[in-house]
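# A look at the structure
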Amino acid sequence: MQIMKVDPRALKENPDRMRQTKSSPQADALMLATIKAVGIVQPPVVAPETDGGNGYIIDAGHRRVRLAIAAGLEEIEILVADAATDNGAMRSMVENSVREALNPVDQWRGIERLVALGWTEEAIAVALALPVRQIRKLRLLANVLPAMLEQMALGDMPSEQQLRVIAAAGQIDQKEVWKAHKPKKGDTAPWWQIANALTKKRMYARDASFGDDLAQAYGIEWVEDLFAPADQDGRYTTNVEGFLGAQHEWMTANLPKRGAIVEVNSWGQPELPKKAAQVYGKPSKSDHTALYLDRDGKVQTVHYRMPEAAKPKGAGAAESAASNDDGDAIASPKVRPDVTQKGHDMIGDFRTDALHDALGRAPIEDDTLMALMVLAFAGQNVRVDSGADGTFYPGKRFSRHAVALFNEHGKLAFDQDTLRVAVRSVLIDVLSCRRGMSNSGMVSRIAGEAIGADKFLPNMGSEEFLLCLSRQALEASCAETSVQPRPKVRETRAALVEHFANEHFVHASARFAPPADELLDWIRASSATDFVGAASQDDGGDHVDDPAEDQEGHFDEAADQDDLRDADFSDHEEHDAGFDQREAA
């Protein structure tokens with residue numbers, strides 16, 4: 001290389017220069033003032049002509065030469081360098097990149113020029129200190145219609161999301177859409193309309209449950225979305241029918257036991273079988289599983305429980321029907337409660353799971369643990385209809401916890417840790433807040449408050465639970481947050497869902513602590529002085545029917561299956577024996 005002085009007017013422009021678009025007037029005015037004040041600080045880089053001429057061609061510094069002429073300079077210093085094998089393409093690219101930022105269109109043209117001259121994407125990335133992914137993203141502009149590129153080169157750039165859609169579309173589609181939305185001279189292009197017209201439904205590989213074999217069978221070809229975050233799988237396909245078909249075949253092949261494939265309604269919610277109750281907590285072995293495809297084509301799973309067949313009682317059914325008829329005669333306008341029946345079902349499931357988690361993991365003092373055991377068997381569900389896995393009766397269900405307290409010689413021998421585990425397991429099988437027969441009632445809520453089960457409750461700030469709340473309940477939930485109630489209920493609900501996405505929300509009605517008046521009423525009603533008094537009270541009309549009596553046939557059938565009763569022990573003898581034991585107590 002050598003430095004020499006020449007007349008800037010004698011230098012020839014490189015027709016294959018990097019910067020094709022004009023620089024801003026402000027940038028030119030700033031450089032012109034600098035040249036007039038101190039001259040050219042960094043000499044332009046030129047190379048001798050290679051076609052037999054004796055002049056010099058500018059490799060880098062076209063703006064400096066042009067503005068030196070505008071400043072009236074007679075001579076400037078230049079740096080003469082040997083001609084590069086790529087005609088100075090990379091040198092010009094780097095030199096321009098570190099000065100005024102290149103127009104994205106010029107940047108793409110420069111990268112395409114380097115690729116055409118034999119540069120690899122990896123080598124270009126190293127030279128420009130850019131990720132390879134960014135180089136590939138810029139090369140996507142090769143798929144943009146030239147007329148659109150010319151509009152972008154004028155400074156009218158679409159957003160990255162719009163550019164992403166435009167570059168993914170075919171040239172024919174782009175040409176038709178551009179013809180319909182081409183702006184007038186001097187106006188900006190309606191990029192949002194252009195992108196909207198070119199938008200196609202995408203199904204992403206990250207949402208696919210099927211493998212490469214089904215993808216190939218359904219003709220699915222993945223396209224990498226270079227505009228997606230680098231740490232995500234951005235592959236997608238526009239073959240929506242093939243994607244959904246592969247997903248459906250995968251669900252059919254991987255259907256679990258007690259499973260079924262269900263359709264979705266217009267709101268994207270699964271259509272469960274008639275009378276099915278969705279399980280919002282931990283599913284049990286007897287529950288059913290439903291698979292369905294959401295609006296994004298992703299396989300979703302829900303669990304549901306079918307009701308047990310109940311036998312209507314003659315007299316009770318007649319009285320119930322009569323009371324219903326009387327109630328219908330004095331019909332009054334219905335006011336929606338704060339929480340719907342479905343909401344109470346969800347709260348029951350949430351409470352039970354939290355109570356069981358707390359019983360299994362929360363620190364509990366020994367005296368509290370023993371007191372909870374007494375409370376557990378005072379529950380209204382003590383038959384026992386367990387909320388843990390379904391319906392269970394005394395005997396085998398609880399004997400599995402008792403055998404842990406015996407040694408190999410049949411003697412009671414245990415340590416405190418073994419006893420604690422057994423007591424916790426029994427409490428988990430007995431205490432339940434689920435709605436229905438397995439509900440332990442007030443005692444389960446007292447137990448949950450005693451061991452701090454509130455902190456084990458899940459986040460209830462979901463769309464599904466908030467749908468169960470009335471307008472008044474939603475607005476009351478807003479009072480504890482920075483969310484302001486909206487004119488429409490669905491807008492308030494959407495704002496709460498967004499607010500509670502990163503926070504933990506527990507509705508006040510789901511907390512374990514029972515109301516003080518209800519607790520006092522329960523204590524008064526349960527403070528029978530002796531068994532006879534309690535029996536006489538039970539004989540009155542204020543107490544609910546015995547659940548064991550309601551399902552007598554079901555009890556007998558389960559007892560036969562589980563050997564819960566001795567074959568030689570009649571029902572009357574068992575009743576008499578139980579009465580004698582209570583008398584002795």
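All of the points below concern the structure found in this document. (Residues numbered from 1 in each chain as written. Predicted model: local features only at pLDDT ≥ 70, side-chain atom pairs only at ≥ 80, totals over all residues. Heavy atoms only, no water.)

As a further point, take the overall build of the protein. In terms of helices and strands, the protein carries 26 helices and 11 strands. Classification of the 585 residues of the protein by burial places 37% in the buried group. For the protein, the proportion of contacts with a sequence separation of at least 24, taken over those separated by at least 6, is 72%. Of the roughly 34,500 Å² of accessible surface on the protein, 52% is carried by carbon and sulfur atoms. (Helix = DSSP H or I, 4+ residues; strand = E, 2+ residues; numbered from the N terminus. Buried < 20%, exposed > 50% of the residue type's maximum accessible area, 1.4 Å probe, protein only. Contact = heavy atoms within 4.5 Å. Areas by Shrake-Rupley, 256 points an atom, 1.4 Å probe, with all protein chains shown as cover.)

Read from one edge of the open sheet, three strands run S5-S7-S6, paired in antiparallel fashion. In the strand order of this sheet, the two ends are held by strand S5 (203-204) and strand S6 (223-224), each with one partner. The pairing of S6 with strand S7 (residues 235-237) spans two bridges and is classified as antiparallel. Pairing of Glu 224 across the sheet is with Arg 235, part of S7. (Pairing = 2+ DSSP bridges.)

With that settled, the discussion passes to the nonpolar core. Counting 44 residues, the largest nonpolar core has Leu 355, Leu 359, Leu 427, Leu 431, Ile 451, Met 460 and Phe 465 as its most contacted members. Put simply, the parts of the chain that give this core at least two residues each are helix H14 (341-361), helix H15 (366-376), helix H17 (416-430), helix H18 (442-450), helix H19 (463-466), helix H20 (471-478) and helix H21 (489-499). Per element, the largest residue contribution to this core is seven residues, and it comes from H14. Residues within four places of Phe 465 in sequence aside, it is in contact with Gly 343, Met 346, Ile 347, Phe 350, Met 460 and His 507. If you look at the next biggest cluster of nonpolar residues, it comprises 22 residues, including Leu 141, Leu 149, Leu 163 and Trp 178. (Core = buried A, V, L, I, M, F, W, Y, C linked by side-chain atoms within 4.5 Å.)

Take the sheet that holds strand S8 (residues 259-261) next. Strand order in the open sheet made by the four strands is S8-S10-S11-S9, with mixed pairing throughout. Edge positions in the sheet fall to S8 and strand S9 (277-279), since each of these pairs with one other strand and no more. The sheet shows a mean angle of 40° between the axes of neighbouring strands, taken without regard to direction. As judged from the six bridges shared by strand S10 (residues 288-293) and strand S11 (residues 299-305), these two strands associate in the antiparallel manner. Counted as the bridge partner of Thr 289 is His 303 from S11. Each of S8, S10 and S11 touches helix H12 (residues 240-253); the most contacted strand, S10, lies at about 170° to it. (Axes fitted to C-alpha atoms, helices over the stretch in contact; angles between N-to-C directions.)

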